[in-house]
Amino acid sequence: MIKLFKVKEKQRETAENANGKAPVKKQSAGELRLHKDISELNLPKTCCISFPNGKDDLMNFDVSIQPDEGYYLGGTFLFSFQVSPIYPHEAPKVKCKTKVYHPNIDLEGNVCLNILREDWKPVLNINTIIYGLFHLFTEPNYEDPLNHDAAAVLRDNPKMFESNVRRAMAGGYVGHTFFPRCI
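Residues numbered from 1 in each chain as written. Predicted model: local features only at pLDDT ≥ 70, side-chain atom pairs only at ≥ 80, totals over all residues. Heavy atoms only, no water.

### Concerning the side chain of Asp37
Move 1: In this structure, Asp37 sits in helix α2 (residues 29-39).
Move 2: Apart from the residues lying within four places of it in its own chain, the contact partners of Asp37 are Tyr87, Asn125 and Ile126. (Helix = DSSP H or I, 4+ residues; strand = E, 2+ residues; numbered from the N terminus. Contact = heavy atoms within 4.5 Å.)

See the structure below:
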């Protein structure tokens, strides 16, 4: 039975090619859902999305976040999204491409956001993730850290934390780690 469908599909492709049309690439369910999510994005004015590989590659895109309040005010932080073909049943892989002094983002760019891990559900969408990332910059969480040093400073000495963030964003050292300018 399955072979009949393959033969029928091959015949359709051959007929389309004979008509001068390019073969139509079928979109996966994940691509269809992602297309819907992107078309319904309602981003804050401090966030924008871009497609470095062009609009034909919706499964890989970047999001830029420029917090308008909090410790990270004035900074620009770039995140890469890699979306699986089985999205929304699997959360997108999100990495911070900007080296940042943050309790919930490590120096390799891994992001600690519960909805990207154990709390992911298929009803969540790209908009929810972007708002979650934005929230990390307005309300960093020292209780669930990836960068334990930054979390300890935020918990024990918020003024020192603010000073460290400003130094890192201006392009400087915090401890023995250099952070490129992101303001």
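### Digging into the pairing of strand β2 (residues 60-65)
Move 1: Of all six residues that make up β2, five are buried, and the element is covered over most of its length.
Move 2: Summarising the sheet, strand β1 (residues 47-50) and β2 pair through four bridges and their orientation is antiparallel. When the sheet's bridge partners are listed, Cys47 is paired in β2 with Ile65.
Move 3: Here six bridges tie β2 to strand β3 (residues 77-82), and the two strands are oriented antiparallel to one another. (Buried < 20%, exposed > 50% of the residue type's maximum accessible area, 1.4 Å probe, protein only. Pairing = 2+ DSSP bridges.)

### Observations regarding the UniProt feature "active site" (unreviewed entry) in the protein chain
Move 1: UniProt annotation of "active site" (unreviewed entry) refers to Cys112 when read in the numbering used here.
Move 2: As for its placement among the helices and strands, Cys112 is situated in the loop between β4 (93-96) and α3 (126-138).
Move 3: The class of Cys112 is buried, set by a relative accessible area of 6%.
Move 4: When neighbours within four sequence positions are excluded, Cys112 is seen to be in contact with Asn104, Arg117, Leu136, Asp144 and Leu146. (UniProt positions renumbered as here; feature names shortened; annotations may be inferred.)

### Observations concerning the nonpolar core
Move 1: In this structure, Leu34, Phe79, Phe81, Val111, Ile126, Ile129 and Leu133 are the most contacted members of the largest nonpolar core, which totals 44 residues.
Move 2: For this core, the elements supplying multiple residues, two or more each, are α2, β2, β3, β4, α3, α4 (148-156) and α5 (158-170).
Move 3: It is α3 that provides the largest number of residues to this core, a total of seven residues.
Move 4: In contact with Leu133, other than residues within four places in its own chain, are Ile65, Phe79, Phe81, Val94, Val111 and Leu113. (Core = buried A, V, L, I, M, F, W, Y, C linked by side-chain atoms within 4.5 Å.)

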